[in-house]
Amino acid sequence: MSPVVVDAALAVALAVLAFMPTASVAGPEIGDLPEVGPDALGVALALGQCLPLVARRTRPALCLLLVGGAFGLHQALGYPTTFGGVGLYLALIAAGAWAERRRALLAGVAVAGYAVLAVVLAASGSPQRARDFAAYLAVLVVCWLAGAWLRRRRAEEAERRELTARVVAVEERARIARELHDVVTHHVTAVVVQADAAGVLLPTAPERVGEALEVVAGTGRRALADLRDLLGGWRRPVVVRTGFGSWWSGPGGVGSWSSWSRAVGWTGCPPRWGSWCTGVVQESLTNAVKHAPGLPTRVVVRRVGGVVEVVVTTSGAVVAEASPDGRGLAGLRRRAEELGGEVVGAAADGEEALALAAQLRPDVVVMDVRMPKLDGIAATRALAGPEAAAPVKVLVVTTFNVDHHVYEALRAGASGFLLKDSPPARLLEGVRTVARGEALLDPSVTRELIGRYATRVRPREEPVRGALAGLSPRELEVLRLVADGRSNSEIAVELVLSPETVKTYVSRLLAKLDLRDRVQAVVPAHRTGLVGGA
């Protein structure tokens, strides 16, 4: 309801009460002068204490001056007390709460006007003493201060709303950034892989190079289409069906967060929760369209205790195999076959990966970090962690070396780590390296990854400092270079040794430190200050 309508209703209600004799006993009186009979002027002054309240929020200073003047004349002329005098209290509260400019001047004028009224009443024979006038002035001051308190509360609420809007905006930007990350890295990785595959096919099967280039072009077009959908999709509305009925929500309606609270029957729901829920639904539906096209998707919003729960489910099985553009698991199988390898199984989620690994017993599991149902970290821990009954070698692939999940995956037992945009030959060689029982880290990120990982491992995973005392000077040199991310060939060049000798030194120091692979070998080097300081 409009504030003007509310204020008008308040003014009319107060005016009606002003002419009800039973309500007059609650009206304020300070002069206690002999009463005169009501007349037209008395009626006008009574209304003058009520009707200006229509503008108590839009023109609070004018409202106070009109109501205060009418109240003063009404008291000075000795008209009977009416409930309309309460309008002075409301006008003072409104002035304290809504007056924006020259507040000190307005307060000074109000005090001066009251002082003049007190003098006039005293000169007119009022029995009230100075302390009585002072006490009533204190009541009026309290009304002003109450309005000032409301003003502060309103300002704080406005600031909270602004901060909430900023938080929601930041979260929306972060969501869009995540979507951009997924779209760009997914398609760019496919382009890079197909371009590398074309290079591999050129000397052996040149007739298939054109096919690979067509895939690259198609991937680029899909990337542009996905970007248009992502950046334009937030303008499209979302219809959410809940147990409380259907309602519309979209970017134009994000601010109307009360729709969410009404939908879940929670009128006290914080404002930003509606925007959060909208973001969750938008992102979930985007993923459903991207990864499960054509399948029915159901969105349920409900209140569970003190939280709002959003459940997005897709009916039917999501197809794990990719299209013939070379992306996804089918694309990996195809590239592996072209490069002399074999993919014996493909899983759509972590739970299926565990079941297939137990059934097929592969030499190496190529594990993505982010998967539905059971993420790659938990799946790696189950397959290669210390609790695994029959450990399987796991090669983790991810998009960026800054992905903090990589640290947890290595800690969980992964034997290697590669970026998703690694050339096909490097990926295949990585699988073979891990299958031989050696550890593998992408050369472009080894130093940064190992350094950060070494500072994050749990204390129980650290060898004691004294363990390094059992290493020979040459073994310490090899350990330092391993911790610096050098390969065996690079170490051989650095120390003027043969690669076979370096391999022997690495195997020997791993045995002395009772470590599994090179990833664990760098931990004592960083923790003891051999590399990167203490």
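Residues numbered from 1 in each chain as written. Predicted model: local features only at pLDDT ≥ 70, side-chain atom pairs only at ≥ 80, totals over all residues. Heavy atoms only, no water.

Chemist: Explain the overall build of the chain to me, please; I cannot follow it from the model alone.
Modeler: Each helix and strand in the chain was counted, giving 19 helices and 8 strands. By the burial criterion, 39% of the 534 residues in the chain qualify as buried. For the chain, restricting intrachain contacts to residue pairs at least 6 apart in sequence, the fraction spanning at least 24 positions comes to 65%. Taken as a whole, the chain presents about 28000 Å² of accessible surface, with 61% of it coming from carbon and sulfur. (Helix = DSSP H or I, 4+ residues; strand = E, 2+ residues; numbered from the N terminus. Buried < 20%, exposed > 50% of the residue type's maximum accessible area, 1.4 Å probe, protein only. Contact = heavy atoms within 4.5 Å. Areas by Shrake-Rupley, 256 points an atom, 1.4 Å probe, with all protein chains shown as cover.)

Chemist: Help me out: how do you make sense of the pairing of strand β7 (residues 416-419) in this one?
Modeler: A regular strand carries its side chains on alternate faces of the sheet. Neither face of β7 is exposed, since G416 and L418 on one face and F417 and L419 on the opposite face are all buried. Across 4 bridges, strand β6 (residues 393-398) lies against β7 in parallel orientation. When the bridges of β7 are listed, V397 appears paired with L418. (Pairing = 2+ DSSP bridges.)

Chemist: Can you walk me through the side chain of S126 in this structure?
Modeler: Mapping S126 onto the fold places it in the loop between α5 (103-123) and α6 (130-204). A relative accessible area of 10% places S126 in the buried class. Ignoring any residue separated from it by four or fewer positions in sequence, one finds S126 in contact with I30, G31, L33, L121 and F133.

Chemist: I would appreciate a short explanation of the packing of helix α3 (residues 60-76) against helix α4 (residues 86-98) in the present structure.
Modeler: Describing two packed helices takes the angle between their axes plus the distance from one axis to the other. The interhelical angle for the contact between α3 and α4, taken along N-to-C directions, is 155°, at an axis separation of 9 Å. Classed by the angle they form, the pair α3 and α4 counts as roughly antiparallel. Judged by the twist between their axes, the crossing of α3 over α4 is left-handed. Contacts between α3 and α4 involve P60, C63, L64, V67, G68 and F71 from the former and G87, L88, A91, L92, A94, A95 and W98 from the latter. For the contact of α3 with α4, the residue count by class is 11 nonpolar, 2 polar and no charged. (Axes fitted to C-alpha atoms, helices over the stretch in contact; angles between N-to-C directions. Parallel < 35°, antiparallel > 145°, perpendicular 65-115°, else oblique. Left-handed = near helix turned anticlockwise from the far one by under 90°. Nonpolar A, V, L, I, M, F, W, Y, C, P; charged D, E, K, R; others polar.)

Chemist: Can you help me understand the pattern of salt bridges in this one?
Modeler: It is possible for side chains of opposite charge to pair when their charged atoms get near one another. Within this structure, the stated rule accounts for 9 salt bridges. The closest approach of N and O atoms between D7 and R56, which form a salt bridge, is 2.8 Å. In this pair, D7 sits in helix α1 (residues 3-18) while R56 sits in the loop between α2 (40-48) and α3, placing the two residues 49 residues apart along the sequence. For D7, a relative accessible area of 2% translates into the label buried. (Salt bridge = Lys/Arg side-chain N within 4 Å of Asp/Glu carboxyl O.)

Chemist: Whenever I open this one, helix α18 (residues 499-513) confuses me. Can you help?
Modeler: Turn by turn, an α-helix covers 3.6 residues, leaving residues three or four places apart pointing in a common direction. Helix length check: α18 (15 residues) gives 21 Å between terminal C-alpha atoms against 21 Å at 1.5 Å per residue, within 8%. Those residues of α18 lying buried are V502, Y505, V506, L509, L510 and L513. End-on, the buried residues of α18 take up no more than an arc of 130°, which puts them together on one face. Among the exposed residues of α18, those oriented more than 90 degrees off its buried face are E500 and A511. One or two positions beyond α18, positive phi appears at D514, with a value near 55°. (Expected span 1.5 Å × (residues − 1). Arc of directions from axis to C-beta.)

Chemist: When you look at the nonpolar core in this model, what are you seeing that I'm missing?
Modeler: Nonpolar side chains in soluble globular proteins tend to be buried together. Within the largest apolar cluster, 31 residues are counted, with the highest numbers of intra-cluster contacts made by I30, L64, L88, L92, Y136 and L140. With 6 residues, the single largest contributor to this core is α4. Judged by nonpolar contacts, the second largest core, of 19 residues, contains V478, L481, V482 and A492. (Core = buried A, V, L, I, M, F, W, Y, C linked by side-chain atoms within 4.5 Å.)

Chemist: Please clarify how α2 should be interpreted in this entry.
Modeler: The complete set of buried residues in α2 reads G42, L45, A46 and G48. Seen end-on, α2 carries its buried residues on one side only, within an arc spanning 160°. Buried residues along α2 sit in contact with α3. Its side-chain oxygen 3.2 Å from the backbone nitrogen of L41, D39 forms the N-cap of α2. (Polar contact = N/O pair within 3.5 Å; in protein donor to acceptor, adjacent residues only side chain to side chain.)

Chemist: Just to check I follow, could you spell out the packing of aromatic side chains for this structure?
Modeler: Aromatic ring pairs are defined here through the distance separating the ring centres and the angle between the ring planes. Going through the model one piece at a time under the given rule, you end up with 2 aromatic pairs. Taken together, a centroid distance of 6.3 Å and an interplanar angle of 25° make the contact between Y114 and Y136 stacked. In this pair, Y114 sits in helix α5 while Y136 sits in helix α6, placing the two residues 22 residues apart along the sequence. Taken individually, Y114 and Y136 each receive the classification buried, so the pair is uniform in this respect. Members of the aromatic cluster, connected to one another through ring pairs, are Y89, Y114 and Y136. A cation sits over an aromatic face here: R154 above W98, 3.9 Å from the ring centre. (Phe/Tyr/Trp six-rings, centres within 6.5 Å; stacked < 30°, edge-to-face > 60°. Lys NZ or Arg CZ within 6 Å of the ring centre and 35° of its normal.)

Chemist: What's the story with the environment of L10 in this structure? I'm lost.
Modeler: Structurally, L10 can be placed in helix α1. Remark: the alpha-carbon pair of L10 and V54, spanning 44 residues in sequence, is separated by 7.6 Å. The residues contacting L10, other than those within four sequence positions of it, are R56 and L90.

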